[in-house]
Structure formats: structure tokens, C-alpha cells
Amino acid sequence: MKHLLIALALATLGLTTAPAMAQSTAPMPNDALYQALGAKPGLQALMEVFVAGLKADPRIGVQFKDTKSSYLQEQLVDQFCVVSGGPCKYEGADMKAAHKGMDINKAQFNALVEVLQVAMDARNIPFATQNQLLARLAPMHRDVITAH
Ligand code: HEM
């Protein structure tokens, strides 16, 4: 009887410890979009083209005339890295605070998206990847657009 109890206790222990090793509930990081964008070097190259395009744009270039390109590029690299699932930390201003008082309207927002699309084309980023990134940026319009 005593041996049977010990055997039962050992079997119970075995049952409770073995499956715990086989399964992990930690979520897998999904950085597929970040990788598709070329990871950090890809984002750095993209932001160089993007910010140059913003400054040169006849519709919204004036809004970036006093902007230091290197600073904005760095903020955008970190932000887009985070947005695409990459291993970064964005330490710039949140979108509401960053664009406060700029009176940005829908047409200007769309112009920025167009400049980004042209930059992504120039960097040979596939159309599907472009759309995935734009889908993640789109909700930001609520914090960026403050004028009609
Ligand atoms: C999805 C759309 C947008 C995103 C993701 C975005 C992102 C950013 C980021 C990350 C910053 C830097 C924040 C900081 O200083 O810490 C910034 C600043 C700025 N953004 Fe945007 N932005 C968007 C739309 C726009 C639009 C539509 C305009 C105007 C047409 C605009 C004009 C500016 C300007 C002028 C600055 C300040 C740059 C400087 O001089 O430092 N942004 N934006």
C-alpha cells in the first residue's frame, strides 16, 4: 500500500512537470513587416528619401522648411520600426503633441502619404508591404488632422 502511494505520487509529479516543458505560452514576436521593410538599414534609407521628398513637396514642403532632416529621420526610423514590429523604442513626441497647432488638414495628410508612397517605390518596397505599413499608419490621422 505504501509503495502504491509513492508510485501514484511520482506519476502525478511526472504528469504535472512533463507537459510544462513541451508548451510555451509566450507570444512569438511578429516582425515580418519590419523585415520586409529591410529592417533598420532599410528604414534609414527610406526615411532619407521620405524626408527629402517632404521638404521638396510643393503642397506641404513649407511645413517642413525649419525641420532638421537628420532629427526627423531618426524619429521616423524609430517610430516606423516600432509600428512594423521591430526591436526599437520611439522616444519622440506622441502624434497629438508633435502636430499640435499645425492646423493639418486631410489634403495635407494625404499629400504626406503620397510622398511616402513615392519614397517606398523609389526604394523598391513591394506594393503589399507598402499597404501593410500604410494600414498601420492610417489610424494616426485622428491625432494628426486638426483642421478642415
Ligand atoms: C501618419 C502621418 C504622420 C506621421 C507618422 C508623422 C510622424 C511624425 C514624427 C515621428 C515626428 C517627430 C516628433 C518629434 O518631434 O518628436 C513628426 C513631426 C512633425 N510632423 Fe509629422 N507625421 C505625420 C503627419 C504629418 C503631416 C500630414 C504633416 C504636415 C503636412 C506633418 C508635419 C510635421 C512637422 C512639421 C513636424 C515637426 C518636425 C520638426 O521640425 O522637428 N506630419 N511627425
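What counts, and at which threshold
Residues numbered from 1 in each chain as written. Predicted model: local features only at pLDDT ≥ 70, side-chain atom pairs only at ≥ 80, totals over all residues. Heavy atoms only, no water. UniProt positions renumbered as here; feature names shortened; annotations may be inferred. Helix = DSSP H or I, 4+ residues; strand = E, 2+ residues; numbered from the N terminus. Buried < 20%, exposed > 50% of the residue type's maximum accessible area, 1.4 Å probe, protein only. Contact = heavy atoms within 4.5 Å. Near = heavy atom within 4 Å. Polar contact = N/O pair within 3.5 Å; in protein donor to acceptor, adjacent residues only side chain to side chain. Nonpolar A, V, L, I, M, F, W, Y, C, P; charged D, E, K, R; others polar. Expected span 1.5 Å × (residues − 1).

## Regarding the UniProt feature "binding site: heme" (unreviewed entry) in the chain
Then, number 1: UniProt tags His 99 as "binding site: heme" (unreviewed entry).
Then, number 2: Along the chain, His 99 falls in the loop between helix 5 (95-98) and helix 6 (106-122).
Then, number 3: Taking relative accessible area as the criterion, His 99 reaches 18% and is therefore assigned buried.
Then, number 4: With residues near it in sequence (within four places) discarded, His 99 still touches Ile 104 and Val 144.

## Notes on the site of the ligand
Then, number 1: Of all residues adjacent to the ligand, which total 22 residues, the nearest are Phe 64, Thr 67, Tyr 71, Ala 93 and His 99.
Then, number 2: Between an oxygen atom of the ligand and a side-chain N or O atom of Tyr 71, the distance comes to 3.0 Å.
Then, number 3: For the shell around the ligand, the secondary-structure elements that each account for two or more residues are helix 4 (69-83), helix 5 and helix 6.
Then, number 4: The element that contributes the greatest number of residues to the shell around the ligand is helix 4, accounting for five residues.
Then, number 5: Taken together, the residues of the shell around the ligand sort by class into 15 nonpolar, seven polar and no charged.

## Focus: helix 6
Then, number 1: A rise of 1.5 Å per residue sets the reference length of helix 6, with its 17 residues, at 24 Å; its end C-alpha atoms lie 24 Å apart and thus fit the reference within 8%.
Then, number 2: Among the residues of helix 6, those classed as buried are Phe 109, Ala 111, Val 115, Leu 116, Ala 119 and Met 120.
Then, number 3: Elements in contact with the buried residues of helix 6: helix 3 (39-56), helix 4, helix 7 (127-137) and helix 8 (141-144).
Then, number 4: The backbone nitrogen of Ala 107 has a side-chain oxygen 3.2 Å away, supplied by the residue at the start of helix 6, namely Asn 105.
Then, number 5: Positive phi appears at Asn 124, one or two residues downstream of helix 6, with a value of about 60 degrees.

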